[in-house]
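These are the residues of each chain, in order.
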Amino acid sequence: VKVSAGGTLVVGEPVRDEAAPRRGRALLLEPDTRLRLEFDASATIFEPPQFYLAGPGLWIRSQDTDAGRRFEVTHVIPGRSAEKEGLRVGDILTAIDGRSSAKLEFEDALARLYGRPGSRLKVTVEKPSAKPRTLELKRGVVYKDGVETPVAPPFERRMESKAK
């Protein structure tokens, strides 16, 4: 599960009732379900800098096939590394950071995509009617007019806006 900037919860895999008997566990949420969260009381969420992780600018969803698990790109963030390297919605990731997608759970795939801002990772991509290829992506940067700029962590943006 991932929370978008707007507070929408995005479910990447089916969610089943773990309390139900093993056989026939009830399906609680379908993949790609989006839930809007509202807090009863005001809350401030603080992430210290050492906990901040960044991604290469893509969203994925799990896809189980006869060949095993793969991850489909469902969203590419404009200006980020994923777009710069040519990833598009519908592309399939068959390996993430040196590990076959078939051996990764959704949570593990997200953990491999996110890391220290500025760090690099490799993904193997299958595109429609093209040979698989490996791309090197950079986490936590945005490209504008060919210039790479670090993406400001959320806490820095919040502090800047309060100072004005």
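Residues numbered from 1 in each chain as written. Predicted model: local features only at pLDDT ≥ 70, side-chain atom pairs only at ≥ 80, totals over all residues. Heavy atoms only, no water.

Visitor: Would you mind going over the packing of aromatic side chains with me for this structure?
Guide: For any two aromatic rings, the description comes down to two numbers: the centre-to-centre distance and the angle of the planes. Evaluation of the coordinates by the stated rule reveals zero aromatic pairs. Geometry around Tyr143 places Lys84 over its ring, the cationic atom sitting 4.9 Å from the centre. (Phe/Tyr/Trp six-rings, centres within 6.5 Å; stacked < 30°, edge-to-face > 60°. Lys NZ or Arg CZ within 6 Å of the ring centre and 35° of its normal.)

Visitor: Just checking my understanding: could you explain the pattern of salt bridges for this structure?
Guide: Oppositely charged side chains are able to pair whenever their charged atoms sit close together. For the structure shown, the criterion picks out nine salt bridges. Glu105 serves as the salt-bridge partner of Arg69, at 3.6 Å between the closest nitrogen and oxygen. Residue Arg69 is located in strand E7 (residues 68-76), and its partner Glu105 is located in the loop between strand E9 (99-100) and helix H2 (106-113); the two are separated by 36 residues in the primary sequence. Residue classification places Arg69 among the buried residues on the basis of a relative accessible area of 17%. One salt-bridge network, in which partners are shared between bridges, spans Asp64, Arg69 and Glu105. (Salt bridge = Lys/Arg side-chain N within 4 Å of Asp/Glu carboxyl O. Helix = DSSP H or I, 4+ residues; strand = E, 2+ residues; numbered from the N terminus. Buried < 20%, exposed > 50% of the residue type's maximum accessible area, 1.4 Å probe, protein only.)

Visitor: Would you take a moment to explain unusual backbone geometry for this structure?
Guide: Comment: phi is negative for the bulk of residues other than glycine, and the bulk of peptide bonds are trans. Within the chain, Ser129 stands out as a residue other than glycine whose phi angle is a positive 50°. Within the secondary structure, Ser129 sits in the loop between strand E10 (120-126) and strand E11 (133-138). Of the residues examined, Ser129 reaches a relative accessible area of 84% and is grouped as exposed.

Visitor: Would you take a moment to explain the side chain of Arg139 for this structure?
Guide: When you line up the elements, Arg139 lands in the loop between E11 and strand E12 (141-144). One polar contact links the side chain of Arg139 to the main-chain carbonyl oxygen of Arg120, over a distance of 3.4 Å. (Polar contact = N/O pair within 3.5 Å; in protein donor to acceptor, adjacent residues only side chain to side chain.)

Visitor: Help me understand the confidence of the model for the protein, please; the structure alone is not making it clear to me.
Guide: Reading predicted coordinates in detail is not appropriate for stretches of low pLDDT. Mean pLDDT for the protein: 78, with 63% of residues reaching 70 or above. Here residues 157-164 scores under 50 on pLDDT; set against residues more than four positions off or in separate chains, the count is four contacts. (pLDDT = per-residue confidence, 0-100. Contact = heavy atoms within 4.5 Å.)

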